[in-house]
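# Structural characterization, general
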Amino acid sequence: MTMEEVANEETLREAFAQVKSNDGAPGPDGQSVQEVATHLSDILPKLIRELLEETYQPGAIRRVWIAKAGGGQRGLGIPDVIDRMVQQAVHLVMQPHYQPAFHPSSHGFREGKSCHTAIAEAKRHLEEGYEWVVDIDLEKFFDRVHHDRLIARLGQRVSDHRLLRLIRRMLKAKVVMPDGVVVSTEEGTPQGGPLSPLLSNIVLDELDWELSERGHRFVRYADDCNIYVRSERAGQRVMESIVRFISRRLRLKVNETKSAVARPEERHFLGFRLRREPLEGSVEVLLSKRSKDRIYEKVQQMTPKRWGQKLSRCIRELNAYLSGWIGFFRICTELEERTLRAIDAHIRRRLRAILLRQWKRRRTIVRRLIRLGVKRKTAWRQVYQGRQSLWALSHNVAVERGLRNAYFAERGLTSVFERWTAWNQNIGIASTQLTLPWR
């Protein structure tokens, strides 16, 4: 791993191609990805010279705040486009040397690994009788990484001190806050840069191998770490010793209010919770409460009461979100069938409420329902029965008969339950084919 490898034109062009594919926002200098692409041939010779002569200075990082699912805010750092290209080039050079040496139970930001592989490993631990989890939450991990310790860790593999000094300059880049105030950086690896995920894995790889040497079964995805043990008492012992290791050795802080020793079904891990059936020993993969709350909140945002456009556009936007959502949560097991059906029903009810508001008058609603096949007498009686709000009316018998499930299916609405069912059927067919004897 040398500076010559990073400052190679081919490497930098490949790095820029990856930065361009992400199409991120401009950094503090205001240059867009497209502007850099236009002048890339002029930029590269000067950049290569500066990297080799060690005169390259990373620009400031723009800080933005995004809401965290569990409450609070997470700070993201957006470097300038050219700085992102250099970070990506460093990543391309270093990754092949580090990735094979990472522990197999580390699943975050690694080729061939994902949240799904992390859940699959956690599920295996439960099936083998490790029914308690030590859920460790690292407090503001990306903001607390100790620079000197990280550079020392990198120095065990990186012999080119120019490359180490470049990484240190990246870590020390100043941050432009949303109000324009510029602050210096003494610790942390800003989330948002291409190099940050690799550096975070390098920092926490030491924790992984420590857990492995102690004989613990664990799963880590980025800064989410779960250790699986056989009893609550063992969990308490493990929690105490690992918190001590993290604070003294890694110089990181564990959030004691969010960390706990508990049954896996009581904890949120990558959007899921796991539950082992006591008699059968099988493990159910379920949605966490936070994940359920989040999809209902998102659907509510995407189907506002006063939707002023065509229903087809609302369905199109919903489909884009729902396809991604079920693509991630498709690994849920059969116990979540009822939840998935309920989500579908809630979405259809939200869409019915939008249509009723667009139809406005009750007389118009009745006429529309009659056209949709509802009996005249039923439509008049149900719509005019009492003083119902439009939301209450959306769950009315006549409205549900007129705007039945097929009405929305014909207009292309994605059903998360049907997508989940189709995926599980395909998995079942594939599993059956794999067990067929050769002829």
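Residues numbered from 1 in each chain as written. Predicted model: local features only at pLDDT ≥ 70, side-chain atom pairs only at ≥ 80, totals over all residues. Heavy atoms only, no water.

## Some details on empty space enclosed by the protein
Any space left empty among the atoms is revealed by the rolling of a water-sized probe across them. Test applied: As defined here, a cavity is a set of points on a 1 Å grid over the protein atoms alone where a 1.4 Å probe fits but cannot get out. A pocket is an open set with protein on both sides within 12 Å along at least five of seven lines, and residues line them when an atom is within 4 Å of a point. Grid points are joined across faces, edges and corners, and a volume is the space filled by probe spheres set on the points. Numbering of helices and strands starts at the N terminus; helices are DSSP runs of H or I of at least 4 residues and strands are runs of E of at least 2. The classification used treats Ala, Val, Leu, Ile, Met, Phe, Trp, Tyr, Cys and Pro as nonpolar, Asp, Glu, Lys and Arg as charged, and all other residues, Gly among them, as polar.
Applying the stated criterion across every chain yields a total of 4 cavities of 30 Å³ or more. In this model, the largest cavity occupies a volume close to 90 Å³. Looking at the largest cavity, the residues that line it are Ile61, Gln87, Ile167, Met170, Leu171, Pro190, Leu195, Ser196 and Leu199. Mapped onto the lining of the largest cavity, the elements with two or more residues apiece are helix H9 (161–171) and helix H10 (196–213). When residues of the lining of the largest cavity are assigned to their parent elements, the largest contribution, 3 residues, is made by H9. Looking at the lining of the largest cavity residue by residue, the classes come out as 7 nonpolar, 2 polar and no charged. When residues of the lining of the second largest cavity are traced back to their parent elements, those giving at least two are helix H8 (147–155) and H10. The class makeup of the residues in the lining of the second largest cavity is 5 nonpolar, 1 polar and 3 charged.

## What about the sheet that holds strand E5 (residues 182–183)?
Strand pairing in a sheet relies on backbone hydrogen bonds, with the paired strands running either antiparallel or parallel. Just so we agree on the cut-off: At least two bridges found by DSSP between two strands is the condition for calling them paired.
Spatially, E2-E1-E4-E5 is the arrangement adopted by the 4 strands of the open sheet, whose pairing is mixed. Both edges of this open sheet fall to strand E2 (73–78) and E5, since each of them pairs with a single strand only. Examined bridge by bridge, strand E1 (residues 61–67) and E2 share 6 bridges and lie antiparallel to one another. Looking at the pairing, alanine 67 lines up with glutamine 73 of E2.

## Describing the environment of arginine 74
Convention followed: The rule is simple: take the accessible area with a 1.4 Å probe, protein chains only, and divide by the maximum for that residue type; under 20% is buried, over 50% is exposed, in between is partly exposed.
The residue arginine 74 is located in strand E2 in this model. Relative accessible area serves as the criterion here: at 32%, arginine 74 is assigned to the partly exposed category. Taking the C-alpha atoms as reference points, arginine 74 and glutamate 139, separated by 65 residues in sequence, lie 11 Å from one another.

## Comments concerning the pattern of salt bridges
Proximity of charged atoms lets side chains of opposite charge pair with each other. How we decide: The term salt bridge refers to a pairing of a side-chain nitrogen on Lys or Arg with a carboxyl oxygen on Asp or Glu at a separation within 4 Å.
Summed over all chains, the structure comprises 22 salt bridges. Among the ionic pairs, glutamate 210 bridges to arginine 214, the shortest N-O distance being 2.9 Å. Via salt bridges that share partners, Arg149, Arg153, Asp205, Glu206 and Arg249 belong to a single interconnected network.

## A few points about a positive patch on the surface
Applied cut-off: Each patch is built from salt-bridge-free residues with over 30% relative accessible area, joining like charges within 9 Å and nonpolar side chains (Val, Leu, Ile, Met, Phe, Trp, Tyr) within 5 Å. Per-residue and other accessible areas were derived by the Shrake-Rupley procedure at a 1.4 Å probe size, with only the shown protein chains allowed to occlude residues. For the purpose of charge, His is not counted, nor are the chain termini; Lys and Arg are scored as positive and Asp and Glu as negative. To locate a charge, take atom NZ for lysine, CZ for arginine, CG for aspartate or CD for glutamate.
Taken together, the side chains of Arg361, Arg363, Arg367, Arg368 and Arg371 define a basic patch exposed on the protein surface. Assessed through its relative accessible area of 35%, arginine 368 is described here as partly exposed.

## Observations concerning the sheet that holds strand E8 (residues 260–262)
Put simply, the rule is: Note on method: axes are straight lines fitted to C-alpha atoms, helices fitted across the in-contact stretch only, with angles between N-to-C directions ranging 0 to 180 degrees. Here a residue-residue contact requires only that any non-hydrogen atoms of the pair lie within 4.5 Å.
If you walk across this open sheet you meet the 4 strands as E6-E7-E3-E8, and the pairing is antiparallel. Pairing within the sheet leaves two strands with one partner each, and these edge strands are strand E6 (217–221) and E8. Going from strand to strand, the sheet's axes swing by 20° on average, the running direction of each strand aside. Here 6 bridges tie strand E3 (residues 132–137) to strand E7 (residues 224–229), and the two strands are oriented antiparallel to one another. Directly across from isoleucine 136, in E7, lies its bridge partner cysteine 225. Relative to E6, helix H6 (residues 115–127) is tilted by about 165°, and along the sheet it contacts E6 and E7. Packing of helix H11 (residues 232–248) onto the sheet brings it into contact with E3, E7 and E8, and relative to E3 it is tilted by some 25°.

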